[in-house]
Amino acid sequence: MTRHRLDDLLAIMARLRDPDRGCPWDVQQDFASIAPYTIEEAYEVADAIDRQDWPDLRDELGDLLLQVVFHAQMASERGLFDFADVAHAISDKMIRRHPHVFGDVSYDDLDAQKAAWDAIKAEERAAKGEAVDDSALAGVSRGLPEWKRAQKLQERAARTGFDWPDPNPVLDKLAEEIEEVRAEFAAGADKARLQDEIGDVAFVLVNLARHAGVDFSQALRHANAKFERRFRRMEALAGASGQPLTARDLEAQEALWNEVKREERRSQS
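Below is a short write-up of the structure. (Residues numbered from 1 in each chain as written. Predicted model: local features only at pLDDT ≥ 70, side-chain atom pairs only at ≥ 80, totals over all residues. Heavy atoms only, no water.)

### A closer look at the overall build of the protein
- For the protein, the count of helices and strands is twelve helices and zero strands.
- Along the protein, from the amino end to the carboxyl end, the secondary structure elements read α-α-α-α-α-α-α-α-α-α-α-α.
- Its C-alpha radius of gyration of 25 Å places the protein more than 25% over the 18 Å reference for a compact globule of 269 residues.
- Within the protein, buried positions represent 25% of all 269 residues.
- Accessible area of the protein: about 18,500 Å², with a carbon and sulfur share of 56%.
- Considering the protein, the positive charge centre built from 37 side chains and the negative charge centre built from 53 side chains are found 3 Å apart. (Helix = DSSP H or I, 4+ residues; strand = E, 2+ residues; numbered from the N terminus. Rg over C-alpha atoms; globule rule 2.2 N^0.38 Å. Buried < 20%, exposed > 50% of the residue type's maximum accessible area, 1.4 Å probe, protein only. Areas by Shrake-Rupley, 256 points an atom, 1.4 Å probe, with all protein chains shown as cover. Lys, Arg positive; Asp, Glu negative; His and termini not counted. Charge placed at Lys NZ, Arg CZ, Asp CG, Glu CD.)

### Focus on the pattern of salt bridges
- With the rule as written, the count across this model stands at 23 salt bridges.
- The partner of Arg96 in a salt bridge is Asp92, and the shortest N-O contact between them spans 2.7 Å. Note that Arg96 and Asp92 are positioned in helix H5 (residues 83-97) at a spacing of four residues, about one turn of the helix.
- Of the residues examined, Arg96 reaches a relative accessible area of 36% and is grouped as partly exposed.
- In this structure Asp92 comes out as partly exposed when scored by relative accessible area, which is 39%. (Salt bridge = Lys/Arg side-chain N within 4 Å of Asp/Glu carboxyl O.)

### Here we look at empty space enclosed by the protein
- On inspection of all chains with the given rule, the structure shows one cavity of 30 Å³ or more.
- Of the voids in this model, the largest cavity is the one considered here, and its volume is about 30 Å³.
- Around the largest cavity, the lining residues are Arg97, Pro99, His100, Tyr107, Gln113, Ala116 and Trp117.
- Of all the secondary structure elements, the ones that give two or more residues to the lining of the largest cavity are helix H6 (99-102) and helix H7 (110-127).
- Counting residues per element, the lining of the largest cavity draws most heavily on H7, at three residues.
- Tallied by class, residues from the lining of the largest cavity come to four nonpolar, two polar and one charged. (1 Å grid on protein atoms, 1.4 Å probe; cavity = no way out; pocket = protein on both sides within 12 Å on 5 of 7 lines; lining within 4 Å. Points joined across faces, edges and corners; volume = space filled by probe spheres on them. Nonpolar A, V, L, I, M, F, W, Y, C, P; charged D, E, K, R; others polar.)

### What to know about the packing of helix H1 (residues 6-16) against helix H4 (residues 54-77)
- Interaxial distance between H1 and H4 falls to 10 Å at its minimum, and their mutual angle equals 55 degrees. The pairing of H1 with H4 is recorded here as oblique in orientation. The element H1 and its partner H4 pack so that their crossing is right-handed. Along the contact surface, H1 presents Leu6, Leu9, Leu10, Met13 and Ala14, while H4 presents Leu65, Leu66, Val69, Phe70 and Gln73. (Axes fitted to C-alpha atoms, helices over the stretch in contact; angles between N-to-C directions. Parallel < 35°, antiparallel > 145°, perpendicular 65-115°, else oblique. Left-handed = near helix turned anticlockwise from the far one by under 90°. Contact = heavy atoms within 4.5 Å.)

### Concerning helix H11 (residues 216-240)
- With 25 residues, H11 should reach 36 Å at 1.5 Å per residue; the first-to-last C-alpha distance of 36 Å fits that figure.
- Looking only at H11, the buried set comprises Phe216, Ser217, Arg230, Met234, Leu237 and Ala238.
- Buried residues along H11 sit against helix H3 (31-51), helix H8 (146-159), helix H10 (191-212) and helix H12 (250-268).
- Backbone nitrogen of Ser217 and a side-chain oxygen of the N-cap are separated by 3.2 Å at the start of H11; the cap is Asp215.
- Backbone geometry just downstream of H11 places Gly242 in the positive-phi region, at approximately 90 degrees. (Expected span 1.5 Å × (residues − 1). Polar contact = N/O pair within 3.5 Å; in protein donor to acceptor, adjacent residues only side chain to side chain.)

### What about the environment of Val170?
- Within the secondary structure layout, Val170 lies in helix H9 (residues 167-186).
- On the accessibility criterion, Val170 (0% relative accessible area) is buried.
- Separated by 41 residues in the primary sequence, Val170 and His211 have C-alpha atoms spaced 8.4 Å apart.
- The contact partners of Val170, leaving out residues within four places of it in the chain, are Trp164, Val204, Asn207, Leu208 and His211.

### Considerations on the environment of Ile120
- Residue placement: Ile120 occurs in helix H7.
- Take Ile120: its relative accessible area is 12%, and that puts it in the buried class.
- Residues Ile120 and Arg96, 24 residues apart in the sequence, show an inter-C-alpha distance of 8.1 Å.
- Once residues lying within four places of it in the same chain are set aside, the contact partners of Ile120 are Arg96, Arg97 and Pro99.

### Describing a nonpolar patch on the surface
- Together, Leu6, Leu65 and Val68 make up a nonpolar patch on the protein surface, roughly 200 Å² of accessible area in all.
- Inspection of the secondary structure puts Val68 in helix H4.
- For Val68, a relative accessible area of 35% puts it in the partly exposed group. (Patch = residues over 30% accessible without salt bridge, like charges linked within 9 Å, V, L, I, M, F, W, Y side chains within 5 Å.)

### Observations concerning the packing of H3 against H11
- Contact geometry for H3 and H11: axes closest at 11 Å, N-to-C directions at 70 degrees. Accordingly, the angle class assigned to the pair H3 and H11 is roughly perpendicular. Note on element contacts: H11 touches H3 through Ser217, Gln218, Arg221 and His222, opposite Tyr43, Ala46, Asp47 and Asp50.
- Across the contact of H3 with H11, the residue classes tally to two nonpolar, three polar and three charged.

In structure tokens:
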């Protein structure tokens, strides 16, 4: 069996994009149309890791690599850069940002290393001609998922000392923000007000996860998986009894939900 190499993947992508002999769908794509798939594949990688499904992780990493190759091929067609340029750029960046590994620099601790990392990134932005930004929040990408950007902003602020000492005041703040949402509902607030207050709740939730040392995205994935598992079991129980879930009122559905939870507790005991 032939073992394909990276060069083979690059050739496959080039053929798929060939205007005369390629795949019509692939030929029609551009950076904007492919970007959502790139994001989706990154989440698929995270999901495989979360499930510890290593064969699936291999496949998902391949799918993510294909996204990089796809973007590089489109860039090459436009004379912007090619895959070799991408590989060179990230290699150069990693060497430049790790002088303690590839040079003779040493750091006293991880905090010093993180500070140096930020300083190097600031130098890189200056070299690109970007406006000087001395804020502790400088360089936090606006392209991140908003929950991740919230976490990054909080981490940067914490380095200046602007942070709660432990999770307890974060819990108090969360209760305060939830009460504010409740008050907006009671007052008949418009969508803009509710969006603002619910955003505050989400921001504090990310902060709580940070203080707990919990990855917010992973926690939400677990919650989604738990809900899906329980809901599907509710559907199965309802169907087995001869009365589908949609034919039951909310009280009866809640009873099924609680039965599923009891089943899980029994199986875990």
